[in-house]
Each structure stands twice: as structure tokens, then as C-alpha cells.
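A structural walkthrough
Each chain is listed here by its residues.
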Amino acid sequence: MRVLVSGGAGYIGSHTVVQLVAAGHDVVIVDSFANSKPAVIGRLEALTGRHLPVHAFDLTDYDKTERLFADEPFDAVIHFAGLKAVGESAQIPLDYYENNLGTSFSLLRAMQRHGVRMLVFSSSATVYGERGAPPYREDFEPIEATSPYGRTKVMIEHILGDVAAANPALRIGILRYFNPVGAHPSGTIGEDPQGIPNNLMPFIAQVAVGRRERLVVFGDDYPTADGTCERDYIHVEDLAAGHVAALNRLAQVEAPVSVWNLGTGQGTSVFGMLHAFERAVGHELPHVVGPRRAGDQPRSWADPAKANAELGWRTEKTIDDMCADTWRWQSRNPTGYED
Ligand code: UFG
């Protein structure tokens, strides 16, 4: 298939591009580079052995989006592009609504106009809101979220449902990611957050490489085994494989919209992740326990049974793989793509 990958230079997008090419798809990348670095493209070309066409513009610009679809035929779109920092979304909510909804509108309009039927959309476990005890299943209703970022995902899921109801020929796969971590085993592509990382894994990795002094563990008084929050960390390589499987599945399904959780089904605590990273690095890492972070749920993990059954997909990588691969990426690229 000829696949347009929005946000293909980003963390999850870039890993998915490598697997799409390996699976025989022709990939075209569109990325604004607002949150990613052009240097990733050369690394992707080295990994795939292919020239990868890249369009550098912001998809909220409908005219440019329309021109792209008019110039090139696509069979499918995988839509990663978007702003994704939970905390920041509370500071600049309009940017989040404008960007995350606007890019989706442009793509949906252009797809409709040019008869592109298949779309895979990056949603998030954040749509399960404050649900109580995991595991979380796709049929849990209603979906809701506690941050503007999360609400953009909830809104887009609803919009996709409405658009598909009006256009039953569409085939839309909504993928709800749990906590993506890890890097390509080559150590040449990985997560490169701008500024101080919000998420646990890149923060630990930057402590390990000496860019941050110590990890602050956000609370150890939660009702969990060791008192720290438990999350369903999924290796980005398994996550990328989930997109390739979803694309294949969309070519066969009858339903216009399908929702799949991409997670392992297992929770790991903050201390659990820290100690696994210490094993990968070979020594202890400085950390202190601080207060809780507002909005954190004690536990979150997927019920991945639907994705396992319908996509013929399951996660293969362990927590130790996630840490070893993150460390290979971070230690070889201490300042990310900057070096
Ligand atoms: N944590 C720390 N110290 C840090 C960073 C994180 O202790 O410096 C803890 C958090 O308190 C939490 C756990 O590590 O208990 C994981 O935190 P992350 O920020 O890595 O991940 P979240 O589960 O909070 O967020 C993820 C995605 C969001 C999504 C959210 C809800 O990053 O996009 O899940 O599904 F919205």
C-alpha cells in the first residue's frame, strides 16, 4: 500500500515507518518538525535503505494538505501528528484543540475528496479517564479525559465515529496506546523530547546519561504493591508492529470503525521501571521521592485481548528489552538528534 504517515519524523511515527517499509509498503512522510528533528530522516533512510519522500508542512493548512493529496495517490493514512504533553495542554489549551483537531479535519477532508478509505489514528489510554480498576477494555463507555490533551483524543474519536457513519466506505482503526517506551534496537532512532522530559522513561534515561541530576518519583503512597503508580509500558517496536497489523486488518474488516488497545496487559511500578533501567545501565541511579503529580491514576493497564485476537498481534518485548534499547539509544545519542 501507498501510505501517508503524518508525524512520521516523531517518536512513534519514525519507528512505524521502518516497519511499514519492511512490510513492503511505500511510505510518504508529512511532518511540521514542530516537535521532531529533520536529522531523523537520514537515519530512517539508512535503516530502511530507501529514499523517503518528506513533506514539511503543518497539516492544519488545508490548502497544502489538499495539494499533497491531489499530487499523490494514497491507499491509507496513519495519523500520528499532534501535540501530546498533558501538562502543557492545560497551559495552552487552544493550541492543543487547534492543532490536534485541525490536522485531523484537514486529513479527513482530503481523504474524502480523493477517495482515500483507510485511516489509522493514534489515540491514547487517556480516554479511559479516571476509570478505577484496570484492565481497560475498548467497550468501556463513556470515554472521557481529564486534560485538554486527553479531550482532543476523546473528541477526535467521536468525530471519526460521526464521519464514518456518514461515509460507510471508510475503514478507520483507532489505536489506544498505553505507555510507549524503548527505541529501535540499532540505537539510531529513539525518543528525543524537547526540554525537560515529562514522561518517566526519557527522564530516567537522561539521568543515566548525566543530563539530569536525579529522578523525582512522584509519590510512593499510592495503594499499590510498592506505593508507586503502575503503568502498562509497551516497547515502541511492538507498538509500531501494531500499526502494520491494524493497516492489514483494515483492508479486510466490514465495520467502518474499529478500536484496539495497544498494551501488554501488565502493570509495572515506577520503582520497577527504575530498577530495570539500573540493571540495563549496570549501576544505581540517583532518585528521591517527591509529592504526587496532580492527575496521576494509581494504576493503568490494557486488556489487549481484542487486539491480540483481531489483529493477530501481541507484544514480544520485555521490560528489560525496553530499558536496554532505550539505554543504547540514549548512551549513543546523549543529546538526541542534536549531535
Ligand atoms: N513519573 C515520575 N517521575 C517523573 C515522571 C513520571 O515519578 O519524572 C511517574 C508518574 O507519576 C507516573 C509514571 O511515572 O506514575 C508514568 O508517568 P508518565 O508521565 O511517563 O506517563 P503517564 O502514564 O502519566 O502518561 C501517559 C502518556 C500520556 C497519556 C497518559 C494517560 O504519556 O500521553 O499516559 O493515558 F495521556
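First, a word on what this report is: a plain description of the structure on this page.

**Section: the side chain of Glu237**
Mapped onto the elements of the fold, Glu237 is located in helix H8 (residues 236-250). Of the side chains bearing the opposite charge, Lys317 lies closest to the buried Glu237, which forms no salt bridge; the N-O distance is 5.3 Å. In this structure, Glu237 is in contact with His15, Gln19, Ala183, His184, Pro185 and Lys317, ignoring residues within four places of it in sequence.

**Describing the packing of helix H7 (residues 200-208) against helix H9 (residues 270-281)**
As a packed pair, H7 and H9 sit with axes 11 Å apart at the nearest point and diverge in direction by 40 degrees. With respect to H9, the axis of H7 lies oblique. The hand of the H7/H9 crossing is right-handed. The segment H7 lies against H9, with Leu200, Met201, Ile204, Ala205 and Ala208 engaging Val270, Met273, Leu274, Phe277 and Val281. In the contact of H7 with H9, the residues fall into 10 nonpolar, no polar and no charged.

**Focus on empty space enclosed by the protein**
Over the atoms rolls a probe the size of a water molecule, and its path tells where empty space is left. In the structure shown here, the tally under the stated rule is 2 cavities of 30 Å³ or more. Counted as a void, the largest cavity has a volume near 110 Å³. Glu191, Pro202, Thr326, Trp329 and Gln330 are, among the 15 residues lining the largest cavity, the residues nearest its centre. For the lining of the largest cavity, the secondary-structure elements that each account for two or more residues are H7 and helix H11 (319-332). If you tally residues by element for the lining of the largest cavity, the top one is H7, at 4 residues. Of the residues contributing to the lining of the largest cavity, the split by class is 6 nonpolar, 6 polar and 3 charged. As a volume, the second largest cavity reaches approximately 30 Å³. As for the second largest cavity, its lining consists of His79, Ser104, Leu107, Leu108, Leu119, Phe121, Ile156 and Leu160. Broken down by secondary-structure element, the contributors of at least two residues to the lining of the second largest cavity are helix H5 (93-113), strand E5 (118-124) and helix H6 (148-166). Among the elements that line the lining of the second largest cavity, the one with the most residues is H5, at 3 residues. Taken together, the residues that form the lining of the second largest cavity break down as 6 nonpolar, 2 polar and no charged.

What counts, and at which threshold
Residues numbered from 1 in each chain as written. Predicted model: local features only at pLDDT ≥ 70, side-chain atom pairs only at ≥ 80, totals over all residues. Heavy atoms only, no water. Helix = DSSP H or I, 4+ residues; strand = E, 2+ residues; numbered from the N terminus. Buried < 20%, exposed > 50% of the residue type's maximum accessible area, 1.4 Å probe, protein only. Lys, Arg positive; Asp, Glu negative; His and termini not counted. Salt bridge = Lys/Arg side-chain N within 4 Å of Asp/Glu carboxyl O. Contact = heavy atoms within 4.5 Å. Axes fitted to C-alpha atoms, helices over the stretch in contact; angles between N-to-C directions. Parallel < 35°, antiparallel > 145°, perpendicular 65-115°, else oblique. Left-handed = near helix turned anticlockwise from the far one by under 90°. Nonpolar A, V, L, I, M, F, W, Y, C, P; charged D, E, K, R; others polar. 1 Å grid on protein atoms, 1.4 Å probe; cavity = no way out; pocket = protein on both sides within 12 Å on 5 of 7 lines; lining within 4 Å. Points joined across faces, edges and corners; volume = space filled by probe spheres on them.

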